[in-house]
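# Secondary and tertiary structure notes
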Amino acid sequence: MVRLPLTPAEVERGQRLGALLRRARGERSMLGTALAAGVSPETLRKIESGRVATPAFPTIAAIADVLGLSLDTVWSEINQSDGRVVLAGSGRDAGERLAS
C-alpha cells in the first residue's frame, strides 16, 4: 500500500500531539512510559518529536492512558489551533469536504 504524503495540517497536528505527550510525561522517563504503554521507546520518541505525525489510534490510546490523559483531551488539544474538525480517516477537514 502506498502512503499519501501528509498534508501540512497533519504534520502540524503531529507536532502538537508530540508536544502534548512530552508535557504530560513531564519528568517521567521515556523508557518507563513507553514500556508501561506497551510501545517501544523509539516509537514514543518519534511521536514526541513529530517524526510520526499520524500514529495508530491504539498506540495513542495506550500512551494517553499511562499519562492520565483522556482521549477527549488529546483530541481537543491537537485540533485546537487550526479550528477545524477533521473527519476520521479522511485526512481532509470538514469544511473542505463539505465545500467539494
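Residues numbered from 1 in each chain as written. Predicted model: local features only at pLDDT ≥ 70, side-chain atom pairs only at ≥ 80, totals over all residues. Heavy atoms only, no water.

Here we take up the overall build of the protein. If you tally the helices and strands in the protein, you get 6 helices and 0 strands. Sorting the 100 residues of the protein into buried and exposed places 34% on the buried side. In the protein, the share of contacts with a sequence separation of at least 24, taken over all contacts with a separation of at least 6, comes to 58%. Summing over all exposed atoms, the protein offers an accessible surface of approximately 6,200 Å²; the carbon and sulfur share of this is 58%. (Helix = DSSP H or I, 4+ residues; strand = E, 2+ residues; numbered from the N terminus. Buried < 20%, exposed > 50% of the residue type's maximum accessible area, 1.4 Å probe, protein only. Contact = heavy atoms within 4.5 Å. Areas by Shrake-Rupley, 256 points an atom, 1.4 Å probe, with all protein chains shown as cover.)

Bringing the pattern of salt bridges into the picture now. Scanning all chains against the criterion turns up 4 salt bridges. With a shortest N-O distance of 2.5 Å, Glu12 and Arg16 are connected by a salt bridge. Of this pair, Glu12 and Arg16 both sit in helix H1 (residues 8-25), separated by 4 residues, roughly a single helical turn. A salt bridge links Glu42 to Arg45; the nearest nitrogen and oxygen atoms lie 2.5 Å apart. Placement of both Glu42 and Arg45 in helix H3 (residues 41-49) is noted, with a separation of 3 residues, approximately one turn of the helix. Residue classification places Glu42 among the partly exposed residues on the basis of a relative accessible area of 36%. (Salt bridge = Lys/Arg side-chain N within 4 Å of Asp/Glu carboxyl O.)

Time to look at H1. The end-to-end C-alpha distance of H1, which contains 18 residues, comes to 26 Å, matching closely the 26 Å that a straight helix rising 1.5 Å per residue would cover. Packing partners of the buried residues in H1 comprise helix H2 (30-37), H3, helix H4 (57-67) and helix H5 (71-79). Looking one or two residues past H1, Gly26 carries a phi angle of roughly 55°, positive in sign. (Expected span 1.5 Å × (residues − 1).)

We now examine the environment of Gly26. By the secondary structure assignment, Gly26 is in the loop between H1 and H2. Among the residues examined, Gly26 registers a relative accessible area of 43% and is labelled partly exposed.

Bringing the nonpolar core into the picture now. Counting residues in each nonpolar core, the largest one holds 16 residues, and the members touching the most others are Leu17, Leu21, Ile63, Leu69 and Val74. Broken down by secondary-structure element, the contributors of at least two residues to this core are H1, H2, H3, H4 and H5. If near-sequence neighbours (up to four positions away) are discounted, Val74 is found in contact with Leu17, Leu20, Ile60, Ala64 and Leu69. (Core = buried A, V, L, I, M, F, W, Y, C linked by side-chain atoms within 4.5 Å.)

Inspection of H4 places Thr59, Ile60, Ile63, Ala64 and Leu67 among the buried residues, and these make up the whole buried set. The arc enclosing the buried residues of H4, seen along the axis, measures out at 125°, which places them on a common side. Exposed residues pointing more than 90 degrees away from the buried face of H4 are listed as Phe57, Pro58 and Asp65. As for H4, its buried residues are in contact with H1, H2, H3 and H5. After H4 finishes, the residue Gly68 shows a positive phi value of roughly 75°. (Arc of directions from axis to C-beta.)

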